[in-house]
Amino acid sequence: MRGVSENFDADVIVAGLGPAGARAAAAAAKEGKRVIALERKRRAGMPVQCAEFIPTMVSQELGELDAVTRQRINAMETFIEGETCERTENFPGRMISREAFDRRLVEDAIHAGSDCRFGVKIAAIAEDGAVHLSDGQTLKAPVLIGGDGPRSCVGAAIGAVNTDMVETRQLTVPLLRAHDATDIFLSEQLPGGYAWLFPRGDVANLGAGVIPCARTVLKDYLNELHEDLVAQGRVGAEVLSYTGGAIPVGGRLFSYAMLGDTAVLLCGDACGLANPVTGGGIASAVISGGLAGEAAVGWLDGDEDSLDDFESELAAIFDPALNRAVRRRCELLGALGSGEATAADFRRGWIAYEEYWNDETTLVRGNAA
């Protein structure tokens, strides 16, 4: 059995207390492991850097979520270049309070026995896996889990770095008409991304994302979309808050490595598990975080296959969807780069359309609708 030693500060150190890190901490602590979890933010989930939509499958993982739910979602409505929307039924999910959601997961981790520390910054990770903090402390454990987001310092320490990103900007505005769908706006003005209106009770999250080299268009595009929606009487003119952030869109990274005798595992955005087309990543963070915690327990208990099993499990669960999304995203970026993108290209590149899921579909330039 590894880790039961006075030479270590804990059995498991978790970097990040978002959904991935909190789930990893809870899973390991529930099995009696000594867990220290570190979060640079001072409060769970704050500031919010998220569109706050979760698919139904998350509640299947976590159980009752009514306390953090702000409204239910039934459908998706997609607009291509501002044309009349196409409504796709059976896209169920919830709009949540991300702050309340993250706080709930951290409370679960604490209840399981994790030592969760906020306002703690990691300054460096040594070649032997020791974690050096900005306050001068050094922590060491036989397992280090990186659930610390798209620009993970844990991932960087093992050479697993998200290189493809989308930059986002989001406003929260008053919602003047009740709405039960997530609205998606696809446009050649938003290369590598899209814009969204996600209703959340009496407010809505209005945002957009693009490849980094096009980030200068975000502010103007979002302001114009906001003005259009105000003119339609759907949202209010007041901007209640701003946020933004980066989303990894390059697909999954290899999930583990050794630093000296320290087993290092990645989960959530740190492992590139956000969907490259939709940007959605909460469900994959919850699932992969739990699996990382279980793998850590197996490793500590002497299961030499636990790290390989973790990698295989992530590949089986996430790779089919992520690989398809990477392909579709690349296809659409290619069409946009050629200057010949059509509505058919956008339909093939977005999950609401049958063409996205049909591998037999081939676009022919000049004949595409």
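This text goes with the structure placed above it.
These lines cover the structure that appears in this document, whether it is placed above or below. (Residues numbered from 1 in each chain as written. Predicted model: local features only at pLDDT ≥ 70, side-chain atom pairs only at ≥ 80, totals over all residues. Heavy atoms only, no water.)

### Some thoughts on the side chain of E52
Next up, step 1: Here E52 lies in the loop between strand 2 (35-39) and strand 3 (53-55).
Next up, step 2: For E52, a relative accessible area of 4% gives the class buried.
Next up, step 3: A polar contact is formed between the side chain of E52 and the backbone nitrogen of R98, at a distance of 2.8 Å.
Next up, step 4: A distance of 3.1 Å separates a polar atom in the side chain of E52 from a polar atom in the side chain of R200.
Next up, step 5: What E52 contacts, discounting residues up to four positions off in sequence, is R94, M95, I96, S97, R98, R200 and N205. (Helix = DSSP H or I, 4+ residues; strand = E, 2+ residues; numbered from the N terminus. Buried < 20%, exposed > 50% of the residue type's maximum accessible area, 1.4 Å probe, protein only. Polar contact = N/O pair within 3.5 Å; in protein donor to acceptor, adjacent residues only side chain to side chain. Contact = heavy atoms within 4.5 Å.)

### Considerations on the pattern of salt bridges
Next up, step 1: What the rule picks out here adds up to 22 salt bridges.
Next up, step 2: Put simply, E99 and R103 hold a salt bridge, and the shortest N to O gap is 3.7 Å. With E99 and R103 both in helix 3 (residues 98-112) and four residues apart, the pair spans about one turn of that helix.
Next up, step 3: Classification of R103 by relative accessible area gives partly exposed; the value is 39%.
Next up, step 4: Each of E77, R87, E89 and D180 takes part in a single network of salt bridges with overlapping partners. (Salt bridge = Lys/Arg side-chain N within 4 Å of Asp/Glu carboxyl O.)

### Quick word on the nonpolar core
Next up, step 1: V12, L38, F101, V143, I145 and L265 are the most contacted members of the largest nonpolar core, which totals 71 residues.
Next up, step 2: Top contributing element to this core by residue count: helix 6 (residues 282-300), with twelve residues.
Next up, step 3: Here I145 is in contact with V12, I13, V14, A15, A24, L265, C267, A292, G293 and A296, once residues within four sequence places are set aside. (Core = buried A, V, L, I, M, F, W, Y, C linked by side-chain atoms within 4.5 Å.)

### Remarks on unusual backbone geometry
Next up, step 1: In this structure, E52 takes a positive phi of about 70 degrees despite not being glycine.
Next up, step 2: Phi at N90 is positive, roughly 60 degrees, even though this residue is not glycine.
Next up, step 3: Here N90 is to be found in strand 5 (residues 86-96).
Next up, step 4: A relative accessible area of 66% places N90 in the exposed class.

### Details of helix 5 (residues 218-231)
Next up, step 1: The terminal C-alpha atoms of helix 5 lie 20 Å apart, and with 14 residues this matches the ideal 20 Å at 1.5 Å per residue to within 8%.
Next up, step 2: All of the buried residues along helix 5 are L218, Y221, L222, L225, H226 and L229. End-on view of helix 5: buried residues confined to an arc of 135 degrees, all on one side of the axis. Turned more than 90 degrees off the buried face of helix 5, the exposed positions are E227 and A231.
Next up, step 3: One or two positions beyond helix 5, positive phi appears at G233, with a value near 75 degrees. (Expected span 1.5 Å × (residues − 1). Arc of directions from axis to C-beta.)

### Observations regarding the sheet that holds strand 7 (residues 122-125)
Next up, step 1: Ordered by their spatial adjacency, three strands build an open sheet running 7-8-9, and the pairing between neighbours is antiparallel. Here the strands that pair on one side only, and so sit at the sheet edges, are strand 7 and strand 9 (138-139).
Next up, step 2: Judged from the two bridges that link them, strand 8 (residues 131-133) and strand 9 form a sheet pairing that is antiparallel. Bridged to H132 within strand 9 is T138. (Pairing = 2+ DSSP bridges.)

### Section: a negative patch on the surface
Next up, step 1: Residues E31, E294, D303, D305, D308, D309 and E313 make up a contiguous surface patch of negative charge.
Next up, step 2: When residues of the negative patch are assigned to their parent elements, the largest contribution, three residues, is made by helix 7 (residues 306-338). (Patch = residues over 30% accessible without salt bridge, like charges linked within 9 Å, V, L, I, M, F, W, Y side chains within 5 Å. Areas by Shrake-Rupley, 256 points an atom, 1.4 Å probe, with all protein chains shown as cover. Lys, Arg positive; Asp, Glu negative; His and termini not counted. Charge placed at Lys NZ, Arg CZ, Asp CG, Glu CD.)

### Considerations on the packing of helix 1 (residues 19-30) against helix 3
Two numbers describe a pair of packed helices, the interaxial angle and the distance between the axes.
Next up, step 1: Viewed as axis vectors pointing N to C, helix 1 and helix 3 meet at an angle of 20 degrees, and their least axial separation amounts to 7 Å. One finds that helix 1 runs roughly parallel with respect to helix 3. For the crossing formed where helix 1 meets helix 3, the hand is left-handed. Along its contact with helix 1, which presents P19, A22, R23, A25, A26, A29 and K30, the element helix 3 presents R98, F101, D102, L105, V106, D108, A109 and A112.
Next up, step 2: For the contact of helix 1 with helix 3, the per-class residue count stands at ten nonpolar, no polar and five charged. (Axes fitted to C-alpha atoms, helices over the stretch in contact; angles between N-to-C directions. Parallel < 35°, antiparallel > 145°, perpendicular 65-115°, else oblique. Left-handed = near helix turned anticlockwise from the far one by under 90°. Nonpolar A, V, L, I, M, F, W, Y, C, P; charged D, E, K, R; others polar.)

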